[in-house]
Every structure is written in structure tokens, then in C-alpha cells.
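Summary of structural features
One letter stands for each residue in the lines below.
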Amino acid sequence: MSGRGSLARQLLGWQFAVVAALLGAVAVFSAVQSTEAFGDVQGRRMLSVAEDVAATAGVRAALADPLRYHQLPPFAESARSLSGAGSVRIALPDTRVLTSPDPDQVGEPMPVGESTVAAGRSWVGEVGDELVAHVPVIGDRGEIIGIVAAGVDLPHLFAGIVHSPSEALLILAAATVLGVGGSLLVARRVKRQTLGMEPAEIAGLVEHREAMLHGIREGVVGLDGQDRITLVNDQARRLLSLPERTDGVPVAELGFNDRLTDVLTGRAEGADQIVLRKGRVLVMNRVPITPAGAVVTLRDRTEIVALQNALDANRSTTDTLRAQAHEFSNRLHTIAGLIELGDHDELRRYVDRVSHHQRAWQGEVAERVGDPALAALLVAKASLAAEQGVGLRLDPDSDLGLIDEHLSADLVTVLGNLVDNALDALRGKQGWIEVCLTHRDDEVRVVVRDSGPGVAPEIAEEVFRHGFTTKAAEDGGGRGLGLAITRQTCVRRQGSVEVHNDNGAVFTARMKP
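Here's a quick rundown of the structure. Bear in mind that the values here come from a model prediction, so they are computed numbers and not experimental data.

**Examining the overall build of the chain**
A count of helical and extended segments in the chain gives 14 helices and 15 strands. Looking at the chain as a whole, 40% of its 513 residues qualify as buried. Considering only residue pairs separated by 6 or more positions, the chain has 52% of its internal contacts joining residues 24 or more positions apart. Only carbon and sulfur atoms are counted for the fraction: they give 56% of the accessible area of the chain, which is about 28,000 Å².

**Examining helix 3 (residues 72-83)**
A rise of 1.5 Å per residue sets the reference length of helix 3, with its 12 residues, at 16 Å; its end C-alpha atoms lie 17 Å apart and thus fit the reference within 8%. Within helix 3, the full set of buried residues consists of Leu-72, Ala-76, Ala-79 and Ser-83. Looking straight down helix 3, one finds that the buried residues subtend no more than 65° of arc, so they occupy a single side. Seen from the buried face of helix 3, the exposed residues on the opposite side, beyond 90 degrees, are Pro-74, Ser-81 and Leu-82. Immediately downstream of helix 3, the backbone of Gly-84 shows phi near 80°, a positive value.

**So, unusual backbone geometry**
A positive phi is found at Ser-241, a non-glycine position, where the angle reads about 55°. Even without glycine at this site, Asp-441 takes up a positive phi of about 55°. Topologically, Asp-441 is positioned in the loop between strand 12 (431-440) and strand 13 (443-450).

**Side note on the sheet that holds strand 13**
In spatial order, the strands read 11-12-13-15-14; together these 5 strands make up an open sheet with mixed pairing. The sheet terminates laterally at strand 11 (390-394) and strand 14 (496-501), the two strands that pair on one side only. Averaged over all pairs of adjacent strands, the angle between strand axes in this sheet comes to 15°, irrespective of strand direction. Where strand 11 and strand 12 come together, 5 bridges link them in parallel fashion. The partner of Arg-393 across the bridge, within strand 12, is Glu-434. Here helix 11 (residues 372-387) sits on the sheet in contact with strand 11 and strand 12, set at roughly 155° to strand 11. In this fold helix 12 (residues 405-425) packs onto strand 11, strand 12, strand 13 and strand 15 (505-511), with an angle of close to 15° to the strand it touches most, strand 13.

**Overview of the environment of Asp-441**
When its relative accessible area of 75% is taken as the criterion, Asp-441 is described as exposed. Considered as a pair, Asp-441 and Lys-512 are 71 residues apart in the sequence and their alpha carbons are 9.7 Å apart.

**Quick look at the pattern of salt bridges**
The final tally for this structure, using the stated rule, is 21 salt bridges. A salt bridge links Arg-80 to Glu-77, with the nearest nitrogen and oxygen atoms 2.4 Å apart. In this pair, Arg-80 and Glu-77 are both assigned in helix 3, 3 residues apart and thus about one turn of the helix distant.

**Re the sheet that holds strand 4 (residues 130-138)**
Pairing in this open sheet of 5 strands is antiparallel, and the strands run 2-1-5-4-3 from one edge to the other. Of all the strands in the sheet, the pair left with one neighbour each is strand 2 (97-99) and strand 3 (123-127). Neighbour-to-neighbour, the strand axes of the sheet open up by a mean angle of 35°, direction not taken into account. Helix 2 (residues 57-64) contacts strand 1 (87-91), strand 2, strand 4 and strand 5 (144-153) of the sheet and is inclined by roughly 125° relative to strand 5.

**With respect to the pairing of strand 10 (residues 294-300)**
Note on strand geometry: in a regular strand, side chains alternate between the two faces of the sheet. Bridge count for strand 6 (residues 219-223) against strand 10 is 5 bridges, and the pairing is antiparallel. Of the residues in strand 10, the one forming a bridge with Gly-219 is Leu-298. Note: strand 9 (residues 280-288) against strand 10, 7 bridges, orientation antiparallel. Within the sheet, the bridge partner assigned to Leu-282 lies in strand 10 and is Asp-300. Hairpin connection, strand 9 to strand 10: the antiparallel pair is bridged by 5 residues, and Gly-293 has positive phi, about 120°.

**Remarks on the nonpolar core**
Counting residues in hydrophobic clusters, the biggest one holds 44 residues, and the most contacted among them are Leu-378, Leu-411, Leu-415, Ile-433 and Val-435. The contact partners of Leu-378, leaving out residues within four places of it in the chain, are Trp-361, Val-365, Val-369, Leu-392, Leu-394, Leu-415, Val-435 and Leu-437. Leu-63, Leu-98, Val-135 and Ile-145 belong to the second-largest nonpolar core, a separate cluster that totals 24 residues.

**Concerning the packing of helix 11 against helix 12**
One can describe the packing of helix 11 onto helix 12 by two numbers: an axis separation of 10 Å at closest approach and a directional angle of 15°. Judged by the angle between their axes, helix 11 and helix 12 are roughly parallel. Of the two elements, helix 11 crosses helix 12, and the hand of that crossing is right-handed. Facing helix 11, whose interface residues are Ala-373, Leu-374, Leu-377, Leu-378, Lys-381, Leu-384 and Ala-385, helix 12 presents Ser-408, Leu-411, Val-412, Leu-415, Gly-416, Val-419, Asp-420 and Leu-423. Class assignment of the residues belonging to the contact of helix 11 with helix 12 gives a composition of 11 nonpolar, 2 polar and 2 charged.

**Quick look at the side chain of Arg-277**
With respect to the helices and strands, the residue Arg-277 is situated in strand 8 (residues 273-277). Within the buried set, Arg-277 has no salt-bridge partner at all; the shortest N-O distance to an opposite charge, 11 Å, is to Asp-258. Polar side-chain contacts of Arg-277 include one of 3.0 Å to the backbone oxygen of Leu-240. Leaving out residues up to four positions away in the same chain, Arg-277 has contacts with Leu-239, Leu-240, Ser-241, Gly-255, Phe-256, Leu-260 and Leu-282.

**Focus on the packing of aromatic side chains**
Under the defined criterion, the tally for this structure stands at 0 aromatic pairs. The side chain of Arg-393 reaches across the aromatic face of Trp-432, ending 4.2 Å from its centre.

**Comments concerning the side chain of Glu-434**
Positionally, Glu-434 belongs in strand 12. For Glu-434, a relative accessible area of 13% gives the class buried. A polar atom in the side chain of Glu-434 sits 3.3 Å from the side chain of Arg-393.

What counts and how
- Residues numbered from 1 in each chain as written.
- Predicted model: local features only at pLDDT ≥ 70, side-chain atom pairs only at ≥ 80, totals over all residues.
- Heavy atoms only, no water.
- Helix = DSSP H or I, 4+ residues; strand = E, 2+ residues; numbered from the N terminus.
- Buried < 20%, exposed > 50% of the residue type's maximum accessible area, 1.4 Å probe, protein only.
- Contact = heavy atoms within 4.5 Å.
- Areas by Shrake-Rupley, 256 points an atom, 1.4 Å probe, with all protein chains shown as cover.
- Expected span 1.5 Å × (residues − 1).
- Arc of directions from axis to C-beta.
- Pairing = 2+ DSSP bridges.
- Axes fitted to C-alpha atoms, helices over the stretch in contact; angles between N-to-C directions.
- Salt bridge = Lys/Arg side-chain N within 4 Å of Asp/Glu carboxyl O.
- Core = buried A, V, L, I, M, F, W, Y, C linked by side-chain atoms within 4.5 Å.
- Parallel < 35°, antiparallel > 145°, perpendicular 65-115°, else oblique.
- Left-handed = near helix turned anticlockwise from the far one by under 90°.
- Nonpolar A, V, L, I, M, F, W, Y, C, P; charged D, E, K, R; others polar.
- Lys, Arg positive; Asp, Glu negative; His and termini not counted.
- Polar contact = N/O pair within 3.5 Å; in protein donor to acceptor, adjacent residues only side chain to side chain.
- Phe/Tyr/Trp six-rings, centres within 6.5 Å; stacked < 30°, edge-to-face > 60°.
- Lys NZ or Arg CZ within 6 Å of the ring centre and 35° of its normal.

Dropping the structure here:
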């Protein structure tokens with residue numbers, strides 16, 4: 001049997017259950033309504049019977065004279081027979097019964113319930129299994145000389161339906177039509193929304209979904225229309241460092257940086273958005289869901305970016321070696337030309353100038369920078385800058401001694417990124433780059449100045465947050481992902497990085513040793 005057929009049978013069963021429940025509710029409602037109508041009509045009728053008996057002159061005369069109490073039963077029985085009441089009783093003001101259809105009640109107190117007849121007021125209400133009307137009998141001097149009670153048995157719950165079947169059947173028929181019509185509409189909507197699948201199939205899909213979400217290595221985050229978390233799989237929780245309970249929590253309250261918040265909420269649009277989160281480089285994609293909400297997938301690209309940085313470092317080394325080879329080739333050509341010309345004196349002076357310049361730069365770097373890795377980086381970057389027509393120099397205030405290897409690795413990352421970005425800003429232009437490295441007051445400071453166009457003030461903070469990949473500062477772009485990694489490295493070292501303009505861009509990075 002197909003899933004659609006099985007689901008159709010279940011929906012049909014649900015329809016019958018809904019109709020049955022609706023019919024039962026209508027039946028109860030009809031019974032209650034009939035009971036209320038009975039109480040209203042019969043209450044007025046019993047009150048009229050009791051008032052007629054109480055107003056009869058013979059009844060009043062008999063109650064006024066104890067010797068005439070025996071005359072009361074015919075009045076009561078005649079009223080009961082003519083009106084169709086269940087009982088008509090006459091009692092004294094102390095509720096002792098003088099006449100009743102039931103001989104056992106004569107001489108006994110008459111139940112009055114919450115009746116107000118003792119206060120001289122007529123009353124209609126339920127006493128036991130009867131609907132009773134109590135009317136006082138007033139004497140010639142205005143005193144209460146007796147009580148007349150006319151009553152009828154209360155019907156059982158569904159007596160109204162039995163006594164008036166046409167009305168009940170009409171209501172039940174209307175309810176049946178409405179119930180069946182509503183059930184069919186509900187069944188049709190359910191079948192359309194579930195694509196005709198069986199409940200077991202739907203449960204299986206939910207189980208497969210849970211297994212898939214928590215088994216894949218991509219992070220998945222679900223958001224509703226108010227940017228609140230509705231779903232997070234294990235990988236997303238790990239990559240975003242989320243707490244255990246996040247369902248219903250707005251993204252703005254999770255302590256994310258502005259860049260990550262913008263991507264999650266859709267303010268930053270585009271595919272493969274790069275986001276940094278606690279030392280991780282994440283690639284995120286956001287897909288809106290109609291009518292409201294979104295699903296965000298994220299991948300960890302920390303290792304790939306690390307490999308890319310390593311390749312960039314190798315490419316930088318290759319470029320540096322190529323620049324040095326080009327520079328040495330030019331010098332060798334010059335030397336060879338001077339030898340052919342036989343100008344040995346000029347040859348000697350040229351070699352001295354080249355050697356002096358190279359030794360002077362290396363000596364200056366070695367004197368002011370005690371870390372071998374940083375010193376080697378500066379020497380290599382100087383050759384690369386020279387090929388581009390840019391001068392690289394050290395600030396006279398530079399003073400950095402020997403440092404541990406972990407701080408050295410972080411400084412190489414920060415200084416390399418800042419110098420590379422300065423070279424990018426000066427590409428195609430003549431200019432200079434100045435580097436200052438200091439270690440004072442338990443703080444290592446790296447300052448890189450350049451004579452380029454600078455950074456627009458309105459994006460001075462944005463370049464670090466967004467990690468733009470555009471290289472041209474004059475076009476309004478940032479300084480690449482390297483600046484975002486630079487900030488991440490500084491923050492991890494309890495420091496900071498900032499930029500301002502002073503005849504060019506000035507980047508200042510601070511780190512704790």
C-alpha cells in the first residue's frame with residue numbers, strides 16, 4: 001500500500017473522530033440549552049399555579065382556621081390536575097406540610113432549599129430533583145399564614161433532545177456538514193503540506209535531518225525573522241564558540257564582533273564571506289528563507305589560510321631572491337663594463353660604494369634589531385622594495401632586543417603584513433617606507449609609515465574589521481585579509497592595531513610579550 005493511501009486512511013479516521021467529537025459537543029450543548037429552556041418555561045408555569053392557589057379565598061380561609069385544614073387537599077389536588085404539575089403542596093409558615101400528593105410528607109417539614117418565601121417573597125428554583133415555585137399566602141392583616149409549593153420533576157440531561165427531536169436533528173445535521181467540510185479542508189491542507197508522506201516517513205526525515213546536521217563537518221545555523229537562533233549543529237557550535245543553550249537567543253546578544261554579526265543578520269551580503277572568530281578563519285554563506293528567516297553555513301578555512309600564508313611567504317622569498325638576483329645582475333654588468341673599459345679606479349670605487357651600502361643597511365638592522373628572524377625579514381624586504389623603487393629604512397628610535405621564538409613568529413606575521421601592505425599602497429609610485437620596532441614598558445610596538453595616499457578616515461576602522469582584499473587605498477578599499485590577521489594576532493597578545501594619516505598611512509601595532 002502506498003504512503004498516500006495509508007495517510008488518506010488515517011486522515012479519514014481523524015475526520016470521523018473530529019465529526020464524532022463535534023456531534024457530541026453539539027448534543028451536550030443542545031441538552032444544556034433544552035434544560036435551560038425547560039427551567040425558564042416550567043418555572044414560570046409553576047409560579048403561576050402556586051400564585052393561583054395562594055390567591056384562592058377558600059385556601060386562605062382554611063389556613064386561617066386550624067379546624068378547617070382538612071379542606072385544603074381538594075384545592076391542591078384540583079390545581080395539580082388542571083395544571084399538569086408534578087405536585088402541589090400547602091404548608092404552614094414553619095414549613096410543616098398540611099397537604100401533599102405523598103401522604104408520608106404530611107406533617108413533616110417541607111424542604112425549601114434557598115427559598116425566600118419565609119421573607120414573604122415568591123421564589124422559583126431547584127429543590128432536590130424538582131423545579132419548585134414557592135408563594136406565600138398572606139392573611140387579612142398582612143401576615144404570612146401559609147406557603148404554597150408547586151413543582152415538577154427535572155428532566156434528565158438528554159430529555160430535551162428526546163422531546164424535541166426535530167430541532168436537535170437539525171442542529172446535529174448542520175454540525176455534521178460543518179464537521180465533515182472542515183475535516184476535508186484540514187485533510188487536504190495536511191496532505192499538501194506533508195507532500196503526501198506518511199507520519200512514519202516524516203519522522204524518518206526528521207531523524208535523518210538531525211543525523212545529517214550533526215554529522216556533517218560544515219557548520220549550520222538557523223535564524224528566524226527576528227535574527228534569533230533556531231538551530232545550531234555541533235560543528236557550528238564549535239566554530240563559533242557558542243554556549244550550550246542558544247535557542248531563541250538574538251544574534252546581537254551572543255557577543256560576536258560586528259563583522260560576524262553583519263554576516264549572520266544579512267547586512268553583509270555576498271557569497272563566501274570571510275570572518276574571523278577567536279583565531280579561526282571562517283567562510284560563511286547566508287541563504288534567506290521565505291517568508292522570514294535564513295540558514296547560514298560556515299566552513300573552517302584556518303588551515304587553508306595558513307597554507308596560503310605559507311605560500312605567500314615562499315612567494316615573497318622568491319620575489320626577494322629574484323629582486324636580489326636582478327640587482328646583482330645589474331651590478332655584475334656594471335663591473336664587467338668597467339673591466340672592459342679598463343677603468344680600474346672607477347671599478348674599485350664602485351665596488352666600495354656597493355659593499356658599503358649593503359654593509360651599512362645590514363649593520364644598521366643588526367644593531368637595532370636583536371631578533372634574527374625579524375632582521376632577516378627586514379633585509380629581504382629592503383631588496384624587494386628597492387626593485388619597486390621604494391626605499392625601506394629604520395627609524396633611528398628603533399630598539400628591539402632578543403625575544404622568545406613565539407613572540408618572534410607573531411612579530412614576523414605583523415611586520416610582514418604591514419610592510420607588504422605599504423608596498424601595495426606604493427605600487428607604481430616612488431616613495432619610502434619607515435619601520436620602527438621598540439620594546440618598552442612591557443610592550444612591543446611596531447610602527448610602519450609610508451608615503452602613500454593614506455587611508456580614508458571613514459574606513460580606518462573598517463579595514464581591520466572586514467579584511468578587504470582590494471589593495472588600492474586610493475580606491476577606498478582596505479589593505480587585504482592580512483590586516484585582519486594582524487589585528488587578530490595583536491588581540492591575542494592583549495594588544496591592538498590602529499591606523500592614522502600623517503603625510504601617508506601610519507600603522508601602529510602593540511603587543512604584550
